[in-house]
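Here is what each chain is made of, one letter per residue.
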Amino acid sequence: MRVLNLGSDPSLAYRPDCLQKDKEEFRNFESGELFDRVFNTYKLMHTHQTLDFVKKKHLEWANCTHFSMTMMDSINSLDALVDESDPDVDFPNSFHAFQTAEGIRKEHPDKDWFQLVGLIHDIGKIMALYGEPQWAVVGDTFPVGCKFQNSIVFRNSTFEDNPDEKNLALNTEFGIYKAHCGLDNVLMSWGHDEYLYRVLKFNKCTIPEEVKTQKARNTAFHSRSRSRFLLTPAIKIPTNTLLFRQGLNMIRFHSFYPWHSNGDYMHLCNEKDLQMLTWVKEFNKFDLYTKNTELPDVEKLKPHYQSLIDKYCPGLLRW
C-alpha cells in the first residue's frame, strides 16, 4: 500500500482541493468535476446490464475458477483501481477500504466481523483487473427482470438502449418475480457486491451469523432522498426469530441504493429483507460518509485487520 510523504495530508496525491464535504454533498449525480466520467460509466451499465447478461456473468464468475489470492493481497490490488462510477472520490479504492473499516471500528469496537466487512466490502471490484469493464463491476445495483424504478441513478437518460426496457414482460412491477419473493430470489445487476458475496460463500468464510427477534408490527419504510421523503405501504412482520448472515447481506446489497436509501422494490422484499435493512443502512453510513481526503496510514492498520482476516477468511481464497 502506498502512503506518500506529503506532509500532514498525503491525499494531496489524489485530491488537490483537500476540502471536507457536508453529508448533503455526497452522491452528487448532477454536477461536479467527475460528472462526465460518472455519467458515461452509468450509461454503459444501463445499456448492457440485462437479465441475460446477468445470468451469463453468474456462470462466468460465481464458480470462482479465475485465480487464487489471499484477502489482504486482494485489498492491496485495489491500489490499481479508481472507481469510475463514484462522484465522491478520485483516489485508489484500497484507501476507501480502510477508511470504511476504521469508521466502523470507532463506533463498533466490539464487532470485529463488522470491521472486516467494512474492509473487504468492495474487493469484488478486483474483476476490473481481470478483464471486466468497470460498468460491469462498480456503481449502484438494481434488479433485472422487472421494471427499472425511477430512483435508479440517471434513470431517465441512460436506459433507452437497454433491450429489457423494450420487453413488455419485464416492464411490470413484478416482472419475472412474485410479490414478497425475497431479495435472495431476485437477480441484481452484475457487479462487485454479488461477486464478493459468492466468493465468501464459496470459500466458506465464517463471518458470523446474527440472530434477530422482532415482535409483530406494521412496518412502513421511510427514507430521505434529497429534499423529499418516501413512504411505502405497511408490511406486517410476524413474531419470529430470524437467523441469517448479516455481514454477508451488507456486502451483497450495500450498493442497492434504490432499495436501502430510496425505499423502492419493497414489493419484492420478505420479512428477512426488512430485518436486514437496518444493518445495511447502518453499514451504508460508514461506506459513504468516511470518504474524505484524510488517507489512513495503512501499514499501521494492517496487523489489526490481518488478524481479522486470519479469523474469518484465512489463507488462499479462490476467486
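Our structure's up above, just so we're on the same page.
Reference entry: report on the structure contained in this document. The model shown is predicted, which means the values in this text are computed figures rather than measured ones. (Residues numbered from 1 in each chain as written. Predicted model: local features only at pLDDT ≥ 70, side-chain atom pairs only at ≥ 80, totals over all residues. Heavy atoms only, no water.)

**Description of the nonpolar core**
Move 1: The biggest cluster of nonpolar side chains holds 81 residues, and the ones touching the most others in it are Met-71, Leu-119, Ile-120, Tyr-195, Leu-200, Trp-259 and Trp-319.
Move 2: Residue contributions to this core peak at 7 residues, all from helix α10 (residues 271–289).
Move 3: In this structure Ile-120 touches Met-71, Ile-75, Leu-196, Leu-200, Ile-207 and Ile-251, once residues within four positions along its chain are discounted. (Core = buried A, V, L, I, M, F, W, Y, C linked by side-chain atoms within 4.5 Å. Buried < 20%, exposed > 50% of the residue type's maximum accessible area, 1.4 Å probe, protein only. Helix = DSSP H or I, 4+ residues; strand = E, 2+ residues; numbered from the N terminus. Contact = heavy atoms within 4.5 Å.)

**Things to note about helix α2 (residues 51–61)**
Move 1: Listing the buried residues of α2 in full gives Leu-51, Phe-53, Val-54, Lys-57, His-58 and Trp-61. The buried residues of α2 occupy one face: seen down the axis, they fall within an arc of 160°. Along α2, exposed side chains directed more than 90 degrees from the buried face belong to Asp-52 and Leu-59.
Move 2: Of the surrounding elements, those touching the buried residues of α2 are α1 (35–48) and α7 (192–202). (Arc of directions from axis to C-beta.)

**Digging into the pattern of salt bridges**
Move 1: What the rule picks out here adds up to 18 salt bridges.
Move 2: With its nearest N and O atoms 2.8 Å apart, the salt bridge here joins Asp-112 to Lys-311. Of this pair, Asp-112 sits in helix α5 (residues 112–120) while Lys-311 sits in helix α11 (residues 298–312), and the two are 199 residues apart along the sequence.
Move 3: Overall, the relative accessible area of 49% leaves Lys-311 in the partly exposed class.
Move 4: Here Glu-194 and Arg-252 are joined by a salt bridge, their closest N and O atoms 3.0 Å apart. Taken as a pair, Glu-194 in helix α7 and Arg-252 in helix α8 (residues 246–253) lie far apart in primary sequence, 58 residues in all. One exposure class covers both Glu-194 and Arg-252, and it is buried.
Move 5: Within the structure, one salt-bridge network assembled from shared partners comprises Asp-184, Glu-194, Arg-198, Arg-252 and Lys-272. (Salt bridge = Lys/Arg side-chain N within 4 Å of Asp/Glu carboxyl O.)

**What about the packing of aromatic side chains?**
Move 1: Inspection of every chain in the model, using the stated rule, returns 21 aromatic pairs.
Move 2: Look at Phe-35 and Phe-154: their rings are 5.9 Å apart centre to centre, the planes differ by 80°, and that puts the pair in the edge-to-face class. Highlighted residues: Phe-35 in helix α1 and Phe-154 in the loop between α5 and α6 (155–158), separated in sequence by 119 residues.
Move 3: Residue class for Phe-35 comes out partly exposed when judged on its relative accessible area of 25%.
Move 4: Since its relative accessible area comes to 13%, Phe-154 is described here as buried.
Move 5: Their ring planes at 25° and their centres at 5.6 Å tell us that Trp-113 and Phe-114 sit as a pair that is stacked. Accessibility classification places Trp-113 together with Phe-114 in one group, the buried group.
Move 6: Among the aromatic residues, ring-to-ring pairing joins Trp-61, Phe-67, Tyr-130, Trp-190, Tyr-195 and Trp-319 into one connected group.
Move 7: Lying across the ring of Phe-159, Arg-155 places its NZ or CZ 5.0 Å from the centre. (Phe/Tyr/Trp six-rings, centres within 6.5 Å; stacked < 30°, edge-to-face > 60°. Lys NZ or Arg CZ within 6 Å of the ring centre and 35° of its normal.)

**Points about α1**
Move 1: Its 14 residues place the ends of α1 20 Å apart at the C-alpha level, agreeing with the 20 Å of an ideal helix rising 1.5 Å per residue.
Move 2: Close packing links the buried residues of α1 with α6. (Expected span 1.5 Å × (residues − 1).)

**Digging into the side chain of Thr-47**
Move 1: Position of Thr-47 among the secondary structure elements: in helix α1.
Move 2: Reaching out from Thr-47, the side chain makes a polar contact with the backbone oxygen of Lys-43 at a distance of 2.8 Å.
Move 3: With residues near it in sequence (within four places) discarded, Thr-47 still touches Thr-158, Asp-161, Asn-162 and Pro-163. (Polar contact = N/O pair within 3.5 Å; in protein donor to acceptor, adjacent residues only side chain to side chain.)

**A short note on the environment of Arg-155**
Move 1: For Arg-155, the location among the structural elements is in helix α6.
Move 2: Classification of Arg-155 by relative accessible area gives buried; the value is 12%.
Move 3: Along the chain, Arg-155 and His-46 lie 109 residues apart, while their C-alpha atoms are 8.4 Å from each other.
Move 4: Setting aside residues no more than four positions away along its own chain, Arg-155 makes contact with Phe-148, Gln-149, Asn-150 and Glu-165.
Move 5: Side-chain polar atoms of Arg-155 contact the backbone oxygen of Phe-148, separated by 3.0 Å.

**Examining the packing of α5 against α8**
Move 1: At a closest axis distance of 10 Å, the pairing of α5 and α8 adopts a crossing angle of 20°. The angle between α5 and α8 places the two elements in the roughly parallel class. Crossing geometry of α5 relative to α8 is assigned as right-handed. Every residue of α8 that contacts α5 at Trp-113, Phe-114, Val-117 and Ile-120 is listed here: Gln-246, Gly-247, Met-250 and Ile-251.
Move 2: Residue composition of the contact of α5 with α8, grouped by class: 6 nonpolar, 2 polar and no charged. (Axes fitted to C-alpha atoms, helices over the stretch in contact; angles between N-to-C directions. Parallel < 35°, antiparallel > 145°, perpendicular 65-115°, else oblique. Left-handed = near helix turned anticlockwise from the far one by under 90°. Nonpolar A, V, L, I, M, F, W, Y, C, P; charged D, E, K, R; others polar.)

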